[in-house]
Amino acid sequence: MRHIAAGFSSKLGRLTSILAIMLATIAVIASSLIVEVSNTAEASSNSGVSTPTTTGTCDVVMAITSQWTTGASSGGFTANVTVSNNSGIALNAWSIGWRWPSGQTVTDSWNAVITQTSSLAIANNQTISISGDAPILVGQPIPAHSAETFGLEGTWTGSNTVPTSFTLNGQPCGVTTSTTAAPTTTTAAPTTTTAAPTTTTAAPTTTTAAPTTTTAAPTTTTAAPTTTTVAPTTTTAAPTTTTAAPTTTTAAPTTTTSAPVTTSAGTSTITSSYPLGTNAATWDGYLLDSDIPSLLKGASIGIVRFPGGSTADNYDWQNNTVSGSTQSVSFAQFSSVATAAGAQKLITVNYGSGTPAEAAAWVTQSLSTSSENVALWEIGNEEYGSWETDNHANPHTPSSYATNALTFMQAMKAADPNAQIGIPWGMNGNLAGGSGAPSWQTWDDTILQADAADINWVDVHFYPFNGTPTETVQQIMATLGVIPTLAGNVHTALNQYDPSAKFVVGETNMSNAASVWNEQPVGALFAAADTLEWLSYGAQSVDWWDIHNYGSLSGGDFGLLSSNTSEGPIDSPQPPYFGYQLASHLAQSGATLTNLFMGSQPAAGSTSNSGVTAPTVPGTNLYGWSSKLSNGGYAVLLENANTSSSASVSAASVGLSGVSSVTSYTYDNADPAIVSGTMNISSGTITLPAESIVVLTS
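Given the structure is predicted, the values throughout are model-derived calculations rather than measurements. (Residues numbered from 1 in each chain as written. Predicted model: local features only at pLDDT ≥ 70, side-chain atom pairs only at ≥ 80, totals over all residues. Heavy atoms only, no water.)

Attention now goes to the overall build of the protein. When helices and strands are counted, the protein shows eleven helices and 31 strands. By the burial criterion, 60% of the 698 residues in the protein qualify as buried. Looking at the protein as shown, the accessible area adds up to about 23200 Å², and 54% of this sits on carbon and sulfur atoms. (Helix = DSSP H or I, 4+ residues; strand = E, 2+ residues; numbered from the N terminus. Buried < 20%, exposed > 50% of the residue type's maximum accessible area, 1.4 Å probe, protein only. Areas by Shrake-Rupley, 256 points an atom, 1.4 Å probe, with all protein chains shown as cover.)

Rendered as structure tokens:
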């Protein structure tokens, strides 16, 4: 995924303070005021497109995408603005400034927030959060030597001439042409606008270098940390006793409720040996800490994905470099850690800038050393997205990927006919705002139709929020209600084109942006529920993004483990780690997992300010799953998402009728560590503390 902030980039992104945003905006305004329009050149055509000269540190192209008239000399229009960062430094926070030359006014925008004073317009990718904890990311960061696009809608009077001068964070960009777009219609403004399409997702899921899943969105990153590869001097306490200082969360008090009767549930038998997984990155020096294998074992991590989201599409595994820079962790070192943890390996090969021969050589290497054996191979990361490197002709199109990925598959299967090969799955961005793929259904159908014979599995990335969530705990949990629909999309396509193929959730987190929620109790609730819900609808594994992500307690993070001392000693388990530990009582190979009830179902068609469906919270805030284990045991995991009131659940409703006592494991916001004991349920009632997870085994 391409994370709005991922890997080391997320650390940079979170260090971007509100003051920095304000200063950047002031700089843009000041610079914009002094930029002279004499910087322009003649337009080559009346196309409505400004043309960059590709000189300096940035280029900007504004293209009028539609235009209409509302009077003799007035009308409206929409435009896309593409900003290229030609520098070697990622821009996590950016401001674009320009002056409208002929009286235009911006009325709406997407993937950026635009303010206008007189003719001066300023577009920012961040806004200041109400809480002041961290900025809210609206548009994508711009990785080094990459580009991002935002859109706008506006009105014009007299003419609609494209601006001729732009600044990026106060510095002039290489724009030398302005043209006027001829109206494409002569009718009044359409009743449906072209503002941000609801079927595409701004930040995808994990990625590389400057935010590029986690963590950008987009979804996972590749900038190698320059100061994080030294083994920490402190070690972590046992996971079950580690306590992270909880921050208080608020929610309107509710009365104690009873769980609903089992509804139409997802039920699935876990056939893989690795239902719980996570992601590791080649830039994560802390991955080599001596305590990592035992910590991964402690959360029953059965598979680890490498080399780290979008990093994969620039990673030279033979030389352990990304774009020429030596990385902290090689494939051999990663393999040693995974093997010591008893975990399988999922490898994403370099489709973006690598070759089929390099991928085949990796397969051959994995067969030559037992500790380097690979369970699953994937051809590129999120290659449907423009945030990924793709050096092929017609990049990021399903036809191009289907043709070129096939050559990788064939070369890899020539090296190992039993290689299990997967592809990036396009997600419906209306239901998962932080991991959606442009034209997702066309992407999936085209590739499956063309390459099904060589595809063994598909890689689903799930980030319900695009940007830092500002919703409540209950609203965050409610987003899980879209999983049955998303899983249904996968099953439908696979049943039609590739019935033997499976699916893996190769990246997941609450958001494609580093979030402080990751370090609060809801991080545990979400991680456990997210995992069990996907598994109950047929996922082979659910892999958290990621092990370390170099965030901070105040700025937000993604990781299962601390990589900043503000979060506790390095490698301290964070709330999602505890969520995985608790889920592991149910998520075991051979177990039959069933969704008992989802107490906070999403409201159809509603959207939140983070672009995700399901912000409302009707229902009870209760969630539950049961697991019939292969050894004859039985376990249930129950969650109460209410942050201030306890809840009661009928023992009979969760399959524990007539049982007098059970072994219990409890995690709640009053004591954010796992406490084990024996619970007496002879009364037939189970009490769940506020904002808690309770696992019961019999």
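Within the secondary structure layout, Gln-67 lies in strand 1 (residues 58-71). A polar atom in the side chain of Gln-67 sits 2.8 Å from the side chain of Asn-160. (Polar contact = N/O pair within 3.5 Å; in protein donor to acceptor, adjacent residues only side chain to side chain.)

Tallied over the full model, the rule gives three salt bridges. In this structure, the salt-bridge partner of Asp-459 is Arg-305, at a minimum N-O distance of 3.6 Å. Note that Asp-459 is positioned in strand 21 (residues 457-462) and Arg-305 in strand 14 (residues 303-306), a separation of 154 residues in sequence. The class of Arg-305 is buried, set by a relative accessible area of 1%. (Salt bridge = Lys/Arg side-chain N within 4 Å of Asp/Glu carboxyl O.)

Reading across from one edge, 15-16-17 is the order of the three strands in this open sheet, with antiparallel pairing throughout. The outermost strands of the open sheet, each flanked by one partner alone, are strand 15 (315-316) and strand 17 (325-326). Pairing geometry for strand 15 and strand 16 (residues 321-322), over two bridges, is antiparallel. When the sheet's bridge partners are listed, Asp-316 is paired in strand 16 with Thr-321. (Pairing = 2+ DSSP bridges.)

Right, let's talk about the environment of Ile-423 for a bit. As for its position among the elements, Ile-423 is in strand 20 (residues 421-424). As a C-alpha pair, Ile-423 and Ile-447 span 24 residues in sequence and 8.7 Å in three-dimensional space. Ignoring any residue separated from it by four or fewer positions in sequence, one finds Ile-423 in contact with Glu-378, Tyr-401, Met-409, Ile-447, Leu-448, Ile-455, Trp-457, Val-458 and Asp-459. (Contact = heavy atoms within 4.5 Å.)

A few words on the confidence of the model for the protein. Scored by pLDDT, the protein comes out at a mean of 79, with 74% of its residues at no less than 70. Of the regions scoring below 50 in pLDDT, residues 176-265 engages in 375 contacts with residues more than four places distant in sequence or in other chains. (pLDDT = per-residue confidence, 0-100.)

In strand 14, alternate side chains face the same way, and those of Ile-303 and Arg-305 on one face and Val-304 and Phe-306 on the other are all buried. Examined bridge by bridge, strand 13 (residues 276-279) and strand 14 share three bridges and lie parallel to one another. Considered in strand 14, the bridge of Asn-279 is made with Arg-305. The parallel pair strand 13 and strand 14, bridged by helix 3 (residues 292-298), forms a crossover whose chirality is right-handed. Two strands pair when backbone bridges link them, and strand 14 and strand 18 (residues 344-349) are joined in this way by four bridges, in the parallel orientation. Bridged to Val-304 within strand 18 is Lys-345. (Right-handed = clockwise from strand over helix to strand, strands pointing away.)

Going through the model one piece at a time under the given rule, you end up with 24 aromatic pairs. Ring geometry for Trp-362 versus Trp-377: centroids 6.1 Å apart, planes at 75 degrees, classification edge-to-face. Taken together, the positions of Trp-362 in helix 5 (residues 356-368) and Trp-377 in strand 19 (residues 376-379) put the pair 15 residues apart, joining distant regions of the chain. For the pair Trp-362 and Trp-377, a shared accessibility class is recorded, and that class is buried. These aromatic residues form a ring-pair network of at least three members: Phe-306, Tyr-315, Trp-317, Phe-331, Phe-334, Trp-362 and Trp-377. (Phe/Tyr/Trp six-rings, centres within 6.5 Å; stacked < 30°, edge-to-face > 60°.)

Sheet faces and side chains relate simply in a regular strand, where the side chains alternate between the two faces. Burial analysis of strand 6 (residues 120-124) places five of its five residues in the buried class, which makes it a mostly covered element. Alternating residues of strand 6 divide into Leu-120, Ile-122 and Asn-124 and Ala-121 and Ala-123, and every residue in both groups is buried. Pairing of strand 3 (residues 95-99) with strand 6, which is carried by five bridges, proceeds in the antiparallel orientation. When the bridges of strand 6 are listed, Arg-99 appears paired with Leu-120.

Phe-334, Trp-377, Ile-379, Phe-462, Met-477 and Trp-534 are the most contacted members of the largest nonpolar core, which has 105 residues in total. Among the elements that take part in this core, helix 10 (residues 521-536) stands out by supplying ten residues, more than any other. Beyond its immediate chain neighbours, meaning those up to four positions away, Phe-334 contacts Ala-280, Leu-287, Val-304, Phe-306, Val-329, Lys-345 and Ile-347. Grouped together as the second largest cluster of nonpolar side chains are 26 residues, Val-81, Ile-96, Leu-152 and Leu-168 included. (Core = buried A, V, L, I, M, F, W, Y, C linked by side-chain atoms within 4.5 Å.)

Scanning the entire structure with this criterion turns up one disulfide. With its sulfur 2.0 Å from that of its partner, Cys-58 forms a disulfide with Cys-173. Between Cys-58 and Cys-173 the disulfide shows an S-S torsion of about -105 degrees. By sign, it is left-handed. Note that Cys-58 is positioned in strand 1 and Cys-173 in the loop between strand 11 (171-172) and strand 12 (267-269), a separation of 115 residues in sequence. Each member of the pair, Cys-58 together with Cys-173, is buried. (Disulfide = S-S within 2.5 Å.)

The next subject is helix 6 (residues 398-415). In this model, helix 6 (18 residues) spans 25 Å end to end at C-alpha, consistent with the 26 Å of a helix rising 1.5 Å per residue. In this fold, the buried residues of helix 6 make contact with strand 18, helix 5, strand 19, strand 20 and helix 7 (440-451). (Expected span 1.5 Å × (residues − 1).)

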